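Chain residues, written in single-letter form:
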Amino acid sequence: MTMQPRTDVVRQNDVTEDTQTLLARNQRSAGLARDMSHIQGWGVDLDRKNRPAVPMERTPPRLENVHWDRPEEQPMTVRVFHSPERPGMTPVFGTRQPPKGLSGIMRAAAYKMTENDIRHWLLLLVADRVDMVEGIGEDLMHGRVPNVLGEMGIKAELKHNPQGLVKKAAVTAAVVGLGYYLLSRRRAR
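Cut-offs and rules
- Residues numbered from 1 in each chain as written.
- Predicted model: local features only at pLDDT ≥ 70, side-chain atom pairs only at ≥ 80, totals over all residues.
- Heavy atoms only, no water.
- Helix = DSSP H or I, 4+ residues; strand = E, 2+ residues; numbered from the N terminus.
- Buried < 20%, exposed > 50% of the residue type's maximum accessible area, 1.4 Å probe, protein only.
- Areas by Shrake-Rupley, 256 points an atom, 1.4 Å probe, with all protein chains shown as cover.
- Expected span 1.5 Å × (residues − 1).
- Contact = heavy atoms within 4.5 Å.
- Polar contact = N/O pair within 3.5 Å; in protein donor to acceptor, adjacent residues only side chain to side chain.
- Axes fitted to C-alpha atoms, helices over the stretch in contact; angles between N-to-C directions.
- Parallel < 35°, antiparallel > 145°, perpendicular 65-115°, else oblique.
- Nonpolar A, V, L, I, M, F, W, Y, C, P; charged D, E, K, R; others polar.
- pLDDT = per-residue confidence, 0-100.
- Salt bridge = Lys/Arg side-chain N within 4 Å of Asp/Glu carboxyl O.

Participant: Could you give an account of the overall build of the protein, with specific residues and numbers?
Facilitator: For the protein, the count of helices and strands is 6 helices and 0 strands. Listed N to C, the secondary structure of the protein is α-α-α-α-α-α in terms of helices and strands. Within the span of the protein, comprising 189 residues, buried residues form 18% of the whole. Accessible surface for the protein amounts to roughly 15,600 Å². Of this, 58% is attributable to carbon and sulfur atoms.

Participant: Give a description of helix α3 (residues 118-141) that names residues and reports values.
Facilitator: Over its 24 residues, α3 runs 35 Å from end to end, which matches the ideal 34 Å to within 8%, given 1.5 Å per residue. For α3, the set of buried residues is His120, Leu124, Ala127 and Val130. The inward-facing, buried residues of α3 contact α2 (101-110). The positive-phi residue at the C-terminal boundary of α3 is glycine 143, with phi of around 85°.

Participant: Break down the side chain of serine 103 for me, with residues and values.
Facilitator: Positionally, serine 103 belongs in helix α2. Within the local environment of serine 103, its side chain forms a polar contact with the backbone oxygen of lysine 100, the two atoms lying 3.1 Å apart. The residues contacting serine 103, other than those within four sequence positions of it, are Ala127, Val130, Asp131 and Glu134.

Participant: Tell me about the environment of threonine 90, and name the residues and values.
Facilitator: Tracing the chain through its elements places threonine 90 in the loop between α1 (17-30) and α2. The spacing of threonine 90 and proline 71 is 19 residues in sequence and 9.5 Å in space, taken between C-alpha atoms.

Participant: Before we move on, can you summarise the environment of valine 148 with the specific residues and values?
Facilitator: Residue position: valine 148 is located in helix α4 (residues 148-151). On the basis of relative accessible area, valine 148 is assigned to the partly exposed category, the value being 38%. Considered as a pair, valine 148 and isoleucine 136 are 12 residues apart in the sequence and their alpha carbons are 8.9 Å apart.

Participant: Account for the packing of α2 against α3, with residues named and values stated.
Facilitator: Following both chains from N to C, one finds α2 and α3 inclined at 170°, their axes separated by 8 Å at the closest point. Considering their axes alone, α2 and α3 lie roughly antiparallel with respect to each other. Of the residues in α3, those touching α2 at Gly101, Leu102, Ser103, Met106, Arg107, Ala109 and Ala110 are His120, Leu123, Leu124, Val126, Ala127, Asp128, Val130, Asp131 and Glu134. Its residues assigned to classes, the contact of α2 with α3 shows 9 nonpolar, 3 polar and 4 charged.

Participant: Any chance you could break down the confidence of the model for the protein for me, citing the residues and the numbers?
Facilitator: Reading predicted coordinates in detail is not appropriate for stretches of low pLDDT. This prediction gives the protein a mean pLDDT of 78; 68% of its residues lie at or above 70. Model confidence for the protein, summarised as mean pLDDT per element, is weakest for α1 at 57 and strongest for α2 at 94. Confidence drops under a pLDDT of 50 for residues 5-15, and excluding neighbours within four residues, the segment shows 11 contacts in the predicted structure.

Participant: Which residues make up the environment of glycine 101, and what values do they have?
Facilitator: Here glycine 101 lies in helix α2. On the basis of relative accessible area, glycine 101 is assigned to the partly exposed category, the value being 48%. Considered as a pair, glycine 101 and glutamate 134 are 33 residues apart in the sequence and their alpha carbons are 7.9 Å apart.

Participant: Quick rundown of the pattern of salt bridges? Include the residues and the values.
Facilitator: According to the stated counting rule, one finds 6 salt bridges in the structure shown. Notably, a salt bridge pairs arginine 119 with aspartate 117, separated by 2.6 Å at the nearest N-O pair. What makes aspartate 117 buried here is its relative accessible area of 18%. Put simply, Arg107, Asp128 and Asp131 are held in one network by salt bridges that share partners.

Structure, rendered in structure tokens:
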């Protein structure tokens, strides 16, 4: 879910000096040569009056007298996707689940689109489901039988929602039975 900028608080041409100073410092530290203040809502969280945590923030800030302006960048050993709306990678990112197979191809296609495009999010949802099926296939190829019922939380469902479990089982049985009936009817022809 993306957050919409609050246009009533910061307008495109209404950027405070604090915001410009922080933007300039961030651009220098990130090595960016372009100014992002033309983007509506950019830096909206930099205005102290608009921060919900202002009363709880520490003065002076906790990270004083550090030896770096920007943390040392993590080496990129696998392909990492990031939003096309952002100019560069964050210094730290996850590499535990690198993209692979059909789900990786689907994620690459999704990250070519902007985050405000519904196709981006739908592709990512479908890629997650495809990745789950690919994982079951990998388990079977390695001789491991996945505990699908246990991973679906059947014990907890039975304990906390027995009527719902009965309904799900009835619907599943009806769908499987209908499928079997249609297939057997087709073979009989």
